[in-house]
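Here is what each chain is made of, one letter per residue.
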Amino acid sequence: TVGGKPEVKSNYDLLRKLKADIATAFPSLSVEDLSELVPNKEELNVVKIYAHKGDAVTLYVLHKTPVLFELEKCLYPTVYTLWRYPHVLPTFTTWPPVLQKLAGGADLMLPGVVVPLSGIPEVKKGDCCAVKVVSNRAPMAVGTATMSSAEMRSLGMKGRGVSVLHTYMDSLWAFGDKSGPPSIPDVDTEGVEATYEEEEEEDDDEATEGGEEEPCPNRVPDAPCPDSSMISHKHSPVLTEQMDALLLQCFLQALKSKVKKSELPLLTSSFLRIHMFSCCPSGKQLDIKKSSYKKLSKFLQCMQQQHSLVRVKELSKGVESIVEVDWKNPELRSFRTPKDPGIEEASVEVGRAEGEKPYHPPEITTLYSVSSRLEPLFQDAKKRKGTVLQPAEVRAIITDYVKRNELVDENNKNYVIINPILCDCLLEKSEYQEVEALKWDDLFSRTLYKMQHCHQLVFPGQPPIVKKGHIEPIDISVASRGSNKKVTMIKNLEVYGLDPMAVSVALQHRVQASSALNPVPGSKDRVLVQIQGNQVQQVCKLLLGWQIWKPLSCTVLIPALDLTGVYVHNF
């Protein structure tokens with residue numbers, strides 16, 4: 001979606017500044033390239049739009065074609081510009097099927113990077129870079145490197161490599177003429193695509209030879225593998241049998257302990273993602289492609305025809321659902337849940353590195369600070385402006401003040417007579433002539449209301465931390481990305497001593513979906529955890545399991561989540 005109307009700025013100063021910024025950001029562009037990219041006498045439109053991840057960006061449009069976009073004061077080229085000048089950015093190479101994932105909001109993971117004979121491009125953390133597919137030099141995506149090239153190699157090409165900001169086929173691309181990428185031959189990765197297609201055919205036909213080592217999947221033929229530990233043995237018969245057994249175990253456990261009759265019919269994809277993945281034992285990963293079935297549909301077909309456990313039906317075109325479960329099946333009834341069910345978070349200690357103590361939630365206390373208006377009321381107790389007090393201390397000081405000044409109403413001891421100091425401190429101007437006495441509860445509540453709110457955090461073994469204002473809740477929200485895709489975002493984890501990276505890893509293992517860490521806009525030291533799909537239920541269960549109760553703040557109601565006896569703030 002595009003926010004607002006285009007703002008036309010064709011003055012010379014804007015073009016001159018933009019050219020200077022482009023020359024600084026992309027030094028490989030020649031003077032001729034700059035003049036061609038941003039002509040002096042052409043009209044330049046500046047438009048505010050939302051990119052495919054929901055980021056608000058400033059778009060520079062020339063002849064109805066977006067040429068550059070600006071995000072957080074950094075300038076990036078669009079794919080239209082990169083198609084004209086493919087040499088502008090260091091470029092990583094990946095397989096064609098990965099492009100669809102990138103356009104859907106995913107970042108480029110290093111295992112999906114094709115490493116040519118010349119090696120990966122040299123980048124530093126935060127550098128602007130591009131992503132292309134094998135056999136074509138035309139870039140398909142733009143982003144920033146999450147680490148340096150040296151770190152990528154030292155980690156064995158594992159982890160997140162490029163944080164993607166804009167891709168071919170996203171909303172930013174759709175703002176232009178929607179043309180396709182040109183075909184620019186790529187000598188470095190010539191022949192790799194054919195190799196990739198052959199491997200896919202072998203997987204589909206299950207025509208693999210056991211025990212043979214495969215070449216490293218993210219490199220061109222004859223290129224040295226970055227690390228011998230990256231060699232895949234996915235066609236080993238032993239590993240295939242183990243994955244088949246794990247699939248059956250998770251399938252039976254999911255039917256016995258997760259699926260309810262009221263949930264049927266149940267989408268097969270939802271059954272796998274929500275129920276089967278959560279039954280996978282800690283330390284293991286469920287991967288159908290490494291089994292003999294290769295596809296979920298084939299596995300469920302086997303469970304239906306050979307085991308008679310379920311009945312699967314195509315309720316709508318191309319969408320299969322489990323419509324019936326044989327709860328009396330002997331195999332299902334005799335199945336016993338293993339001692340280590342599911343990915344339990346005991347294996348992922350929050351916010352801790354090896355050798356450190358496990359996470360314990362902080363003790364949170366509401367406090368009140370003496371304001372300048374109430375300072376005369378606390379003067380006898382020698383509490384000056386800014387003194388932080390607990391509610392019980394405030395109550396004791398007010399009670400002592402009332403009794404010492406003999407302000408208790410003799411006719412009705414439930415009331416306190418208002419003297420000039422109480423009048424100035426607690427009453428509004430409109431009440432000066434009307435209110436002569438207050439009930440004790442009203443007196444205390446007015447006093448606390450006029451004081452400044454504070455909160456105290458006490459982590460085990462650490463000194464108390466006192467901060468002004470109300471404590472921020474952990475914010476869990478769901479946003480739409482692209483065509484009917486959703487992502488779940490979690491903020492303010494650091495307030496409670498939670499490591500966003502540890503939470504991200506735990507969620508990734510729990511729901512088997514990709515996750516990412518992004519800076520919170522407008523904050524220097526806060527990080528936002530983003531995970532694909534609507535995972536609000538799983539996030540809440542995870543945090544409640546870690547005894548993070550009151551700080552949760554969800555923008556989505558979860559009727560299926562059992563929160564009996566647990567108070568969830570603003571839920």
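This section reports on the structure supplied with the text. Per-chain numbering applies: the sequence of each chain, read as written, is numbered from 1 onward. A pLDDT threshold of at least 70 governs which residues receive local features in this predicted model, and a stricter bar of 80 or more applies before side-chain atom pairs are shown or counted, although totals over entire chains, interfaces and linings include all residues. By convention in this description, side-chain values take in all heavy atoms of the structure and omit both hydrogens and water.

Moving on: unusual backbone geometry. Pro265 follows Leu264 through a cis peptide bond whose omega is -5°. Checked against the element boundaries, Pro265 lands in the loop between helix 8 (237–257) and strand 12 (266–267). Even without a glycine there, the phi angle at His63 is positive, about 55°. Only DSSP runs of H or I covering at least 4 residues are called helices, and only runs of E covering at least 2 are called strands; the numbering of each starts at the N terminus. Tracing the backbone through its elements, the reader meets His63 in the loop between strand 3 (56–62) and strand 4 (65–71). Accessible area is worked out with a 1.4 Å probe on protein chains only. A residue is then buried under 20% of its type maximum, exposed over 50%, and partly exposed in between. A residue is classified by how much of its surface remains accessible, and His63, at 56% relative accessible area, is exposed. Phi at Lys178 is positive, roughly 60°, even though this residue is not glycine.

Looking now at helix 16 (residues 500–511). A helix is expected to span 1.5 Å multiplied by its residue count minus one. For helix 16, built from 12 residues, the straight-helix expectation of 16 Å at 1.5 Å per residue is met to within 8% by its first-to-last C-alpha distance of 16 Å. Among all positions of helix 16, only Pro500, Ala502, Val503, Ser504, Ala506, Leu507, Arg510 and Val511 are buried. Pairs of N or O atoms are called polar contacts if they sit within 3.5 Å, as long as, within protein, a hydrogen donor faces a hydrogen acceptor (for residues adjacent in sequence, only side-chain-to-side-chain pairs). Among the residues of helix 16, the N-terminal cap falls to Asp499, whose side-chain oxygen and the backbone nitrogen of Met501 are separated by 3.1 Å.

This paragraph deals with the pairing of strand 9 (residues 128–133). Most of strand 9 is tucked away, with six of its six residues classed as buried. Neither face of strand 9 is left uncovered, since the one carrying Cys128, Ala130 and Lys132 and the one carrying Cys129, Val131 and Val133 both have all their residues buried. The rule for pairing is simple: two strands pair if DSSP sees at least two bridges between them. Alignment of strand 9 against strand 10 (residues 141–145), held across four bridges, turns out to be antiparallel. Of the residues in strand 10, the one forming a bridge with Val131 is Ala141.

Another point: the sheet that holds strand 15 (residues 363–369). Read from one edge to the other, the open sheet built from four strands follows the order 16-15-19-20, with strand pairing classed as antiparallel. Looking along the sheet, the strands with just one partner apiece sit at the ends: strand 16 (388–389) and strand 20 (465–468). Alignment of strand 19 (residues 452–458) against strand 20, held across four bridges, turns out to be antiparallel. Considered in strand 20, the bridge of His455 is made with Lys467.

It is worth spelling out the pattern of salt bridges at this point. A side-chain nitrogen of Lys or Arg and a carboxyl oxygen of Asp or Glu constitute a salt bridge if their distance falls within 4 Å. In this structure the tally under the stated criterion is 11 salt bridges. A salt bridge links Asp21 to Lys17; the nearest nitrogen and oxygen atoms lie 3.0 Å apart. Separated by four residues within a single helix, Asp21 and Lys17 lie in helix 1 (residues 12–25), roughly one turn from each other. Judged by relative accessible area, which is 32%, Asp21 ranks as partly exposed. The residue Arg311 makes a salt bridge to Glu324 at a minimum N-O spacing of 3.2 Å. Here Arg311 is found in strand 13 (residues 310–316), whereas its partner Glu324 is found in strand 14 (residues 319–325), with 13 residues between them in sequence. One network of salt bridges, in which partners are shared, links Asp380, Asp400 and Arg404.

This part is about the environment of Gly159. You can see Gly159 is positioned in the loop between helix 5 (149–154) and strand 11 (160–167). Judged by relative accessible area, which is 30%, Gly159 ranks as partly exposed. Once the C-alpha coordinates of Gly159 and Met109 are considered, the two residues, 50 residues apart in sequence, prove to be 5.8 Å apart. Between two residues, a contact is recorded if the distance between any of their heavy atoms is within 4.5 Å. What Gly159 contacts, discounting residues up to four positions off in sequence, is Met109, Leu110 and Pro111.

Turning our attention to the packing of aromatic side chains. Two rings from Phe, Tyr or Trp (for Trp, the six-membered ring) form a pair when their centres sit within 6.5 Å of each other. Planes less than 30 degrees apart are called stacked, planes more than 60 degrees apart edge-to-face, and all others tilted. What the rule picks out here adds up to eight aromatic pairs. Residues Trp83 and Tyr168 carry aromatic rings whose centres are separated by 5.9 Å and whose planes lie at 65° to one another, so their mutual orientation is edge-to-face. Highlighted residues: Trp83 in helix 3 (residues 79–84) and Tyr168 in the loop between strand 11 and helix 6 (171–174), separated in sequence by 85 residues. In textbook terms, an aromatic cluster arises when at least three aromatic residues are bridged by ring pairs, as seen for Tyr80, Trp83, Tyr168 and Trp173.

A few words now on the nonpolar core. Soluble globular proteins tend to pack their nonpolar side chains together in the buried interior. Ranked by internal contacts, the top residues of the largest apolar core, which has 33 residues, are Leu18, Ile22, Leu29, Tyr60, Leu68 and Leu89. Elements supplying a minimum of two residues to this core: helix 1, helix 2 (31–37), strand 2 (44–50), strand 3, strand 4, strand 5 (74–77) and strand 9. Counting residues per element, this core draws most heavily on strand 3, which supplies five residues. Not counting residues within four places of it along the chain, the set of residues in contact with Leu68 comprises Leu18, Ile22, Phe26, Thr58, Leu59, Tyr60, Leu75, Tyr76, Pro77 and Thr78. In these notes, a set of buried Ala, Val, Leu, Ile, Met, Phe, Trp, Tyr and Cys residues joined through side-chain atoms within 4.5 Å is what counts as a nonpolar core. By size, the runner-up hydrophobic cluster in this structure holds 32 residues, among which are Leu264, Phe271, Leu286 and Cys302.

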